[in-house]
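For reference, the chains in residue letters:
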2 protein chains.
Amino acid sequence: MTTYNDSSAGEMQSKLLAMGEAARNASRKIANAPAELKNSWLSAMADALESNAQALIAANETDMKNGAAKGLSNAMLDRLKLDGKRIRGMADGLRHVVTLPDPAGEILSSATRPNGIRIDKVSVPLGVIGFIYESRPNVTVDAAGLCLKAGNAVILRGGSEAIHSNQALAQCIIEAGKSKGMPDGVIQLVPFTDHAAVSILLKMDQYINLVIPRGGERLIRAVVEQSTIPVIKHYKGVCHLYVDEEADPEMALAILRNGKCQRPGVCNALEKVLIHEKIAPSFVPLLARMFKEEGVKILGDASYCRLDPAAERAIEEDWSAEYLDLMITAGIVPSVEAAVDHINAYGSGHSDAIVTENAGNARYFLDHVDSATVYWNASTRFTDGGEFGMGAEIGISTDKLHARGPMGLRELTTYKYKIYGNGQIRV
Amino acid sequence: MTTYNDSSAGEMQSKLLAMGEAARNASRKIANAPAELKNSWLSAMADALESNAQALIAANETDMKNGAAKGLSNAMLDRLKLDGKRIRGMADGLRHVVTLPDPAGEILSSATRPNGIRIDKVSVPLGVIGFIYESRPNVTVDAAGLCLKAGNAVILRGGSEAIHSNQALAQCIIEAGKSKGMPDGVIQLVPFTDHAAVSILLKMDQYINLVIPRGGERLIRAVVEQSTIPVIKHYKGVCHLYVDEEADPEMALAILRNGKCQRPGVCNALEKVLIHEKIAPSFVPLLARMFKEEGVKILGDASYCRLDPAAERAIEEDWSAEYLDLMITAGIVPSVEAAVDHINAYGSGHSDAIVTENAGNARYFLDHVDSATVYWNASTRFTDGGEFGMGAEIGISTDKLHARGPMGLRELTTYKYKIYGNGQIRV
């Protein structure tokens with residue numbers, strides 16, 4: 001399988017432009033496709049993944065061998081790996097998308113104006129979505145399935161270490177879709193592993209309507225800096241728990257443990273805890289014992305460290321760091337207002353929580369923390385499309401335009417106004 | 001009044017960054033302000049404009065004199081001019097905004113999940129809006145009023161030719177707002193007339209959440225190219241009328257006349273007419289006579305010109321040109337499908353209309369033209385926030401992300417998820 005690393009820049013550019021044009025044309029062909037038709041493509045893809053499992057695993061073995069030779073870490077190799085169970089997982093994911101309602105074609109509002117024209121606001125697909133991601137090959141299938149269900153064409157660009165897996169997966173689902181009449185160009189995988197391919201893609205605003213990057217902060221920053229296409233993303237999740245002076249300590253401990261320890265490597269895991277100074281003398285020992293049991297390292301501010309001499313001192317950078325590990329930064333604050341100001345200054349606008357029995361403090365926190373999702377007495381780990389009832393999640397946004405927080409199928413649509421008259425003119 | 005043209009680049013940059021920080025801080029202070037409070041600021045501004053009309057007109061006279069000396073056209077000088085009537089118009093505009101519902105703080109949806117957490121999706125202000133515009137000084141007041149009503153801070157940057165008018169207007173409304181307790185930094189006008197100031201502003205994504213440019217295509221393209229902040233805009237309105245083979249000719253003529261002639265200089269005016277080849281022999285003579293009466297110049301394709309020998313031949317560039325004048329490009333098409341393909345290839349995604357008595361053709365057109373607003377048997381001139389019942393319009397978007405078509409107050413908000421639990425953790 002050639003990865004075109006030897007293509008000249010001009011050839012690569014013209015191939016990518018042709019992919020963009022094909023995607024735009026395909027997106028127009030399927031924009032009004034009925035749900036049953038799109039579902040028949042998705043179901044065929046699910047079946048094809050399972051019946052081609054051996055070939056997919058064989059392609060993946062090439063990536064695994066290359067990755068081991070390149071010295072990828074065991075964690076990265078694990079992310080890269082495909083096996084029967086993971087392939088069934090992808091197939092089941094597509095079958096789940098089949099069961100979700102079609103987000104396109106919904107009349108969002110309808111109004112008849114005094115002059116008699118009727119204005120319907122109708123959800124429609126965005127058009128072409130560019131998906132740029134790192135090593136997990138399952139994203140190839142998950143992203144394609146969600147974009148397609150919403151009526152969009154998608155251009156996929158996965159990481160170079162997964163190129164053989166991604167090409168095999170893409171070929172498998174594309175052929176399955178085509179066997180049920182899916183037009184050419186609806187799903188395409190960029191065959192180029194050069195970084196230059198991404199740079200070209202990100203300027204193709206004549207063809208691509210939205211770019212969604214999934215991966216580490218470095219990848220996402222590179223995408224945002226280069227793109228002339230709207231990008232929806234989150235850089236990181238620096239999620240806070242504020243333990244109010246009127247917190248139930250047991251509840252606060254349970255939410256802290258869940259937020260920090262259940263799955264420390266995800267973006268909605270807790271990274272920071274702020275404790276009201278009045279509850280701190282009684283609460284910090286409980287927290288310190290619990291985190292010691294869980295093996296969590298604590299970096300505290302001066303006030304925290306006076307109450308927990310085993311903690312290390314945090315440095316300024318700690319307050320905005322996303323550890324994705326069994327570490328947490330802990331600080332003491334004099335008020336809910338101070339907690340909110342701290343979160344707005346150092347947070348990432350992702351998910352932040354207050355534990356309190358005081359409704360006024362909770363309301364202040366929910367109103368004033370400028371984040372996508374704000375919690376009162378619940379774990380930040382719920383920031384997830386599935387937990388929100390969206391059925392599936394294409395990503396999480398800490399942006400404010402278009403989509404904020406977990407993004408489901410609806411966030412892969414826009415709207416248009418359809419206006420019905422009988423000859424009205426403007427006077 | 002100094003316009004700081006002589007500031008060093010470093011001074012200008014630090015002043016603009018300070019403005020950005022002040023705006024962000026102000027936006028957080030007013031994000032939860034009750035409607036009555038925001039309305040009291042707006043009412044005070046309206047009164048202050050009227051009671052300071054003489055001073056405003058005096059400041060405007062400086063701009064008018066400078067503009068005349070610089071050789072601005074009469075049309076540009078007319079746009080620039082302030083008089084008692086226009087000042088009353090701005091004041092009444094603000095009073096109208098007072099009557100509109102507050103778009104922030106609305107619960108857009110609410111769901112209780114099986115685990116008992118309640119997820120409320122609540123509209124909230126976007127934060128800080130950067131408004132970049134050209135010569136009309138009324139935009140200073142209109143944009144500030146709409147941004148404020150939605151709970152946002154605004155940084156205004158008007159054209160250099162209106163700097164004295166804009167400074168006087170901004171000072172007047174800021175002082176009036178402050179007299180009723182409006183915080184510092186909610187409304188700010190950039191005092192620098194250098195283009196470099198815009199370039200700096202467009203990179204201040206740490207402070208500004210959305211940029212809205214209003215003006216000619218050249219201004220808007222320059223903004224989009226430089227901005228690292230999301231921009232909502234339309235470049236131009238290349239609006240089409242397609243006269244179907246089953247059109248009512250009288251209705252088609254009335255909509256054509258309204259779309260082209262009522263106000264040719266606006267973005268929702270018609271620029272192109274496509275005529276089905278079957279109706280063309282009978283319809284073109286009616287159209288040609290009507291446009292001759294109205295003084296509209298017609299540029300036709302070869303088929304059109306055979307039916308109307310008085311028409312000039314259009315060149316390729318005509319099909320995507322926005323004339324904003326008494327000119328129209330006319331072509332003959334073999335089918336509704338061909339009309340749709342032409343519009344999707346040459347149009348601007350703004351407003352396009354079909355006139356037909358055939359519901360199937362109308363549905364095909366409405367479904368497949370990829371524009372913000374699509375009309376069946378009505379004039380494209382209705383693409384306007386007021387006509388849509390939005391109460392007021394901050395602009396029109398031909399983008400697909402966040403806002404499409406006319407933008408009202410609601411499009412100046414985003415949302416956040418407020419989540420209420422009683423100790424839930426994720427299992």
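Residues numbered from 1 in each chain as written. Chains lettered and ligands numbered in written order. Predicted model: local features only at pLDDT ≥ 70, side-chain atom pairs only at ≥ 80, totals over all residues.

## With respect to the environment of His276(B)
Residues and elements named next belong to chain B.
Okay, so step 1: With respect to the helices and strands, the residue His-276 is situated in strand β8 (residues 270-276).
Okay, so step 2: According to the C-beta neighbour criterion, His-276 is buried, with 22 such atoms within 10 Å.
Okay, so step 3: As for His-276 and Cys-239, which are separated by 37 residues in sequence, their C-alpha atoms are 17 Å apart.
Okay, so step 4: Sequence-distant contacts of His-276, that is, excluding residues within four places in its chain, are made with Val-243, Asp-244, Glu-245 and Val-333. (Helix = DSSP H or I, 4+ residues; strand = E, 2+ residues; numbered from the N terminus. Buried ≥ 20, exposed ≤ 12 C-beta atoms within 10 Å, placed from the backbone. Contact = placed C-beta atoms within 7 Å.)

## Examining the interface of chain A and chain B
Okay, so step 1: Contacts between chain A and chain B engage 52 residues on the former and 52 residues on the latter.
Okay, so step 2: Elements with a contribution of two residues or more to the side of chain A that touches chain B: α10 (249-261), α14 (359-368), β13 (373-378) and β16 (413-424) of chain A.
Okay, so step 3: If you tally residues by element for the side of chain A that touches chain B, the top one is β16(A), at 11 residues.
Okay, so step 4: Taken together, the residues of the side of chain A that touches chain B break down into 23 nonpolar, 19 polar and 10 charged.
Okay, so step 5: Strand direction decides the pairing type here: β16(A) and strand β13 (residues 373-378) of chain B, joined by 5 bridges, are parallel. Residue Ile419(A) lies in a different strand from β13(B), and its bridge partner there is Tyr375(B). (Nonpolar A, V, L, I, M, F, W, Y, C, P; charged D, E, K, R; others polar. Pairing = 2+ DSSP bridges.)

## Things to note about the domain arrangement of chain A
In many reports, interface size means the accessible area that the parts give up when they come together.
Okay, so step 1: Segmenting chain A into domains produces domain 1 (9-233 + 407-418) and domain 2 (239-382).
Okay, so step 2: Inter-centroid distance (C-alpha atoms) of domain 1 of chain A to domain 2 of chain A is 36 Å. (Domains from an automatic or database assignment.)

## Thoughts on the pairing of strand β9 (residues 297-300) of chain B
All names here are of chain B.
Okay, so step 1: Pairing of β9 with strand β11 (residues 327-333) involves 4 bridges; the strand directions are parallel. The residue of β11 that forms the bridge with Lys-297 is Met-327.
Okay, so step 2: Pairing of β9 with strand β10 (residues 312-313), which is carried by 2 bridges, proceeds in the parallel orientation. Bridged to Leu-299 within β10 is Glu-312.
Okay, so step 3: In this region the chain leaves β9, passes through helix α12 (residues 302-307) and returns to the parallel neighbour β10; the handedness of that crossover is right-handed. (Right-handed = clockwise from strand over helix to strand, strands pointing away.)

## What about the packing of helix α2 (residues 35-51) of chain A against helix α5 (residues 84-99) of chain A?
All names here are of chain A.
Okay, so step 1: Contact geometry of α2 with α5 gives a least axis separation of 8 Å together with a crossing angle of 170°. Of the possible angle classes, the one that applies to α2 and α5 is roughly antiparallel. Between α2 and α5 lies a crossing of left-handed hand. Taken together, the residues of α5 that come into contact with α2 (itself represented by Asn-39, Leu-42, Ser-43, Met-45, Ala-46, Leu-49 and Glu-50) are Ile-87, Arg-88, Met-90, Ala-91, Leu-94, Arg-95, Val-97 and Val-98.
Okay, so step 2: A per-class count over the contact of α2 with α5 returns 10 nonpolar, 2 polar and 3 charged. (Axes fitted to C-alpha atoms, helices over the stretch in contact; angles between N-to-C directions. Parallel < 35°, antiparallel > 145°, perpendicular 65-115°, else oblique. Left-handed = near helix turned anticlockwise from the far one by under 90°.)

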